[in-house]
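Listed below are the residues making up each chain.
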Amino acid sequence: MTYKVNIEDIQQALVELGGEARAKHIQDYVLSKHCANQIPPNYEHDKSFRQTIQRKIEDYCPQAKGFDERKKEGKFVRIGHGMYRLALSYSGKEFPTTEELGAGHEFVEGATKTIKVNYYERSPVARAACISHYGAKCVICNFNFEEVYGELGKSFIHVHHVIPLSEVKASYVVDPINDLRPVCANCHAIIHRTTPALDIAAVKNAITRKN
Ligand SMILES: [Zn+2]
Ligand SMILES: [Zn+2]
């Protein structure tokens, strides 16, 4: 059996592990999911398999020495010794057309920035990590689509990007746990009623005051 360590499997492992994990746990996940818990013969042993995983991660980690954002995309953030979090960077190349954005995010502060925020809120990888960490319920009002709509609402939720547009830099890499929050469609619409967007605490406060 030959298996080659690849970036898609590492990303999937991190999503399944809640968005962040130690290299060791990423290795355990990849081994059980793709290699029937056996170190593939093309890797000498446990340690070389793990080092390959870690090297792959570091290749896409903006904090790593020698990282070149013109060549590679930032996909992971190092958050401790041998510990990584799933991330996602924005590169204009990857964003095909503005048409795909649809309506709903008209808090324009320069077209590029609007695209960036949409990109993070819509990226399946970043969304999955955010939802896996916080659960598929609104962090503002606790609305859970599945509880109300049953099967139809299962795992439906919006994801809001909390970093102010003015702080999003060209080389910014999104952190799905610190920078994204699951919110229901109503709360999300209210958040974006103003420019710049309201913060989560302000909307939460508005609900609390009314009750
Ligand atoms: Zn809500
Ligand atoms: Zn939003």
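None of the values given here were measured: they were computed from a predicted structure. (Residues numbered from 1 in each chain as written. Chains lettered and ligands numbered in written order. Predicted model: local features only at pLDDT ≥ 70, side-chain atom pairs only at ≥ 80, totals over all residues.)

Observations concerning the overall build of the protein chain
Helix and strand content of the protein chain: eight helices and seven strands. Evaluated residue by residue, the protein chain yields a buried proportion of 31% over its 211 residues. Of the contacts formed within the protein chain by residues at least 6 apart in sequence, a portion of 62% connects residues at least 24 apart. (Helix = DSSP H or I, 4+ residues; strand = E, 2+ residues; numbered from the N terminus. Buried ≥ 20, exposed ≤ 12 C-beta atoms within 10 Å, placed from the backbone. Contact = placed C-beta atoms within 7 Å.)

Some points on the environment of Tyr3
By secondary structure assignment, the location of Tyr3 is in the segment before α1 (7-16). If we ignore the near neighbours within four places in the chain, the residues touching Tyr3 are His34, Cys35 and Pro40.

Some details on the pairing of strand β2 (residues 76-80)
In this sheet, strand β3 (residues 83-86) lies alongside β2 in antiparallel orientation, the contact comprising four bridges. Bridge assignment links Gly80 to a residue of β3, and that residue is Met83. (Pairing = 2+ DSSP bridges.)

Brief notes about the sheet that holds β3
The strand order across the open sheet built from three strands is β1-β3-β2, with neighbouring strands paired in antiparallel fashion. With partners counted over all chains shown, the strands left at the sheet margins are β1 (20-22) and β2, one partner each. Put simply, the sheet's adjacent strands are angled 30° from each other on average, direction ignored. Both β1 and β3 contribute to a ladder of three bridges, which runs antiparallel. Bridge assignment links Glu20 to a residue of β3, and that residue is Arg85. (Axes fitted to C-alpha atoms, helices over the stretch in contact; angles between N-to-C directions.)

Section: the nonpolar core
Judged by nonpolar contacts, the single largest core of 42 residues is most densely connected at Leu14, Phe76 and Cys130. Among the elements that line this core, the one with the most residues is helix α5 (residues 124-134), at six residues. Both domains that meet at this core, namely domain 1 (7-86) and domain 2 (93-210), each give it at least three residues. Apart from residues lying up to four places away in sequence, Phe76 is in contact with Ile57, Tyr60, Cys61, Tyr84, Arg85, Leu86 and Ala87. (Core = buried A, V, L, I, M, F, W, Y, C linked by C-beta atoms within 7 Å. Domains from an automatic or database assignment.)

Details of the packing of helix α2 (residues 23-34) against helix α3 (residues 46-59)
One way to put it is that α2 packs onto α3 with a least axis distance of 10 Å and a crossing angle of 110°. Here α2 is positioned roughly perpendicular relative to α3, judged by the angle of their axes. Between α2 and α3, the residues in contact are Ala23, Lys24, Ile26, Gln27 and Val30 and Phe49, Arg50, Ile53 and Gln54, respectively. For the contact of α2 with α3, a count of residues per class yields five nonpolar, two polar and two charged. (Parallel < 35°, antiparallel > 145°, perpendicular 65-115°, else oblique. Nonpolar A, V, L, I, M, F, W, Y, C, P; charged D, E, K, R; others polar.)

Digging into unusual backbone geometry
One non-glycine residue, Ala36, lies in the positive phi region at around 45°. Take Ala36: it is sitting in the loop between α2 and α3. A positive phi angle is found at Asn37, which is not glycine, with a value near 65°. Residue classification places Asn37 among the exposed residues on the basis of 9 C-beta atoms within 10 Å.

Brief notes about the environment of Cys138
For Cys138, the position within the fold is in the loop between α5 and α6 (145-149). Accessibility expressed as a C-beta count within 10 Å gives 25 for Cys138, which makes it buried. As for Cys138 and Pro182, which are separated by 44 residues in sequence, their C-alpha atoms are 5.5 Å apart.

Focus: the confidence of the model for the protein chain
Here the protein chain shows a mean pLDDT of 83. Residues at 70 or above account for 84%. Taking the mean pLDDT of every element in the protein chain, the minimum, 67, falls on helix α4 (residues 111-122) and the maximum, 96, on α6. Segment residues 92-109 is flagged for pLDDT under 50; beyond a separation of four residues in sequence, or across chains, it makes 16 contacts in the model. (pLDDT = per-residue confidence, 0-100.)

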